Amino acid sequence: MIYKSIIIGTGPAGLTAAIYLARANLNPLIIEGPQPGGQLTTTTEIENFPGFPDGIMGPELMDNMRKQAERFGAEFRTGWIIKADLTSRPFVLTLEGVGEIQAETLVISTGATAKYLGIPGEQENIGRGVSTCATCDGFFFRGKKIIVIGGGDSAMEEAHFLTRFASEVVLVNRRSELRASKIMQDRARANPKVSWGLNKTPLEVLAGDRGVTGLKVLNNETGLEEIIPTDGVFLAIGHTPNTRFLEGQLTTDEQGYLLVNPGTTETGVPGVFACGDVQDHRYRQAISAAGTGCMAAIDCERFLDNVNVEALVH
Ligand code: NDP
């Protein structure tokens, strides 16, 4: 069987594309990867997704989107795509342990994964003071002390943003030099609520019954360990777009994010569309991902309407 459309990834982008394509009677197949629901399933309450005046839990929002897609006939399959061949038509995806599946069009919504440090106390305190998203979780730290880890533009931006809520934000970076652009550094330096913990390598997130209490670091200047008391640890050490299975068949920027034609979700291969965080390192919001998922579905429908897929050659 050749699917008219396969959607890869089930975050807000993929599920929104699924709702639209299913409602257009295109019976999409949605491949659900190792983290069904995407990054939102690792957050707790979401207060900025329009339509939920009292907020909604991340996993519940994703579950609702999935049910909405199923209601219109979307088919879900759990699996790990190990290879995608975009050089012939129909496109061929290899699903680990299952075999090959074929599609006339593809929507890639595999997202990006926030990088973690891999230190003790980190994973077990996600949602209890450890976060990778200031926009999502900053609000919960009103009047509290926060550490932001990283020295790039994200760290500067998140630290600056978090001073809206926090009483103090300490920027901790493993080197004394910052990778961030000068303008972003200057803005953080000018902020009286930001202090600096430079040349300090994070070693362990410390926590008690009520969540995070501190960060143990190695002071690279003195060689001594220190504990910085804090209520929250925000990681801003970069994201990795999930594109490995594409093996360089689509154009990306230097960080690996898929490039799309501006104002569309079209990649360089006709019939392959990208939406959500896999093509967006700037906004990274559930609502903006959902918006591009809608765009991908409409681009996909129009492509199937207007193009004789069999006649396409590379
Ligand atoms: P970057 O890769 O630029 O910076 C990552 C930071 O995390 C670096 O300081 C790095 O340290 C540190 N880091 C990485 N791994 C570890 C680790 N294991 N332990 C401790 N520290 C670590 O990522 P960003 O997310 O900041 O930025 C990504 C891209 O997005 C950049 O191009 C940036 O310019 C862009 N961006 C632009 C914004 C804007 O224009 N408004 C806002 C946010 C991002 P080290 O330097 O030592 O390697």
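What comes next is a walk through the structure. As the structure is a prediction and not an experimental result, all values here were calculated from the model. Throughout this description, residue numbers start from 1 for each chain and increase along the sequence as written. Reporting of local features is limited, given that this is a predicted model, to residues whose pLDDT is at least 70; pairs of side-chain atoms are given and counted only at 80 or more, and all residues count toward the totals for whole chains, interfaces and linings. Values shown for side chains rest on all heavy atoms present in the structure; no hydrogens or waters enter the calculation.

1. Side note on the state of the cysteines
In a disulfide, the sulfur atoms of two cysteines are held together by a covalent bond. Disulfide assignment relies on a single distance test, namely cysteine sulfur atoms paired within 2.5 Å. Scanning all chains against the criterion turns up one disulfide. Covalent S-S linkage joins C133 and C136, the inter-sulfur distance amounting to 2.0 Å. Given an S-S torsion of about 75°, the disulfide between C133 and C136 has right-handed geometry. For every residue, the accessible area obtained with a 1.4 Å probe (protein chains only) is divided by the maximum for its type, and the residue is called buried under 20%, exposed over 50%, and partly exposed between those limits. When its relative accessible area of 26% is taken as the criterion, C136 is described as partly exposed. Looking at the unpaired C300, the closest cysteine sulfur is the one in C275, lying at 9.7 Å. You can call C300 buried: its relative accessible area is 0%.

2. Side note on the sheet that holds strand β17 (residues 232-235)
Strands pair, by our definition, only if DSSP identifies at least two bridges between them. Helix and strand definitions follow DSSP, with helices as H or I runs of at least four residues and strands as E runs of at least two, each counted in order from the N terminus. Overall, parallel pairing links the five strands, which are arranged β10-β17-β11-β12-β13 in an open sheet. Each end of this open sheet is capped by a strand with a single partner; those strands are β10 (130-131) and β13 (194-198). With four bridges joining them, strand β11 (residues 145-149) and β17 adopt parallel strand pairing. Among the inter-strand pairings, I147 is bridged to a residue of β17, identified as V233.

3. Quick notes on the pairing of strand β14 (residues 200-208)
The side chains of a regular strand alternate between the sheet's two faces. Where β14 lies against strand β15 (residues 211-219), eight bridges are found, and the strand directions are antiparallel. Looking at β15, one finds that V205 is bridged to L215. The turn linking β14 back onto β15 is made up of two residues.

4. Topic: the site of the ligand
Think of it this way: one heavy atom of a residue within 4 Å of a molecule or strand is enough to make that residue near it. Close to the ligand lie 16 residues, the nearest being G151, D153, S154, R175 and R179. For this analysis, a polar contact is any N or O atom pair within 3.5 Å, provided that within protein one partner can donate a hydrogen and the other can accept it, and provided that sequence-adjacent residues contribute only side-chain to side-chain pairs. At 3.4 Å, a backbone N or O of G152 approaches an oxygen atom of the ligand. The side chain of S154 places a nitrogen or oxygen atom 2.6 Å from an oxygen atom of the ligand. No other element matches helix α4 (residues 153-162), which puts three residues into the shell around the ligand. Any residue that is not Ala, Val, Leu, Ile, Met, Phe, Trp, Tyr, Cys, Pro, Asp, Glu, Lys or Arg is counted as polar, Gly included; the first ten are nonpolar and the last four charged. Its residues assigned to classes, the shell around the ligand shows three nonpolar, eight polar and five charged.

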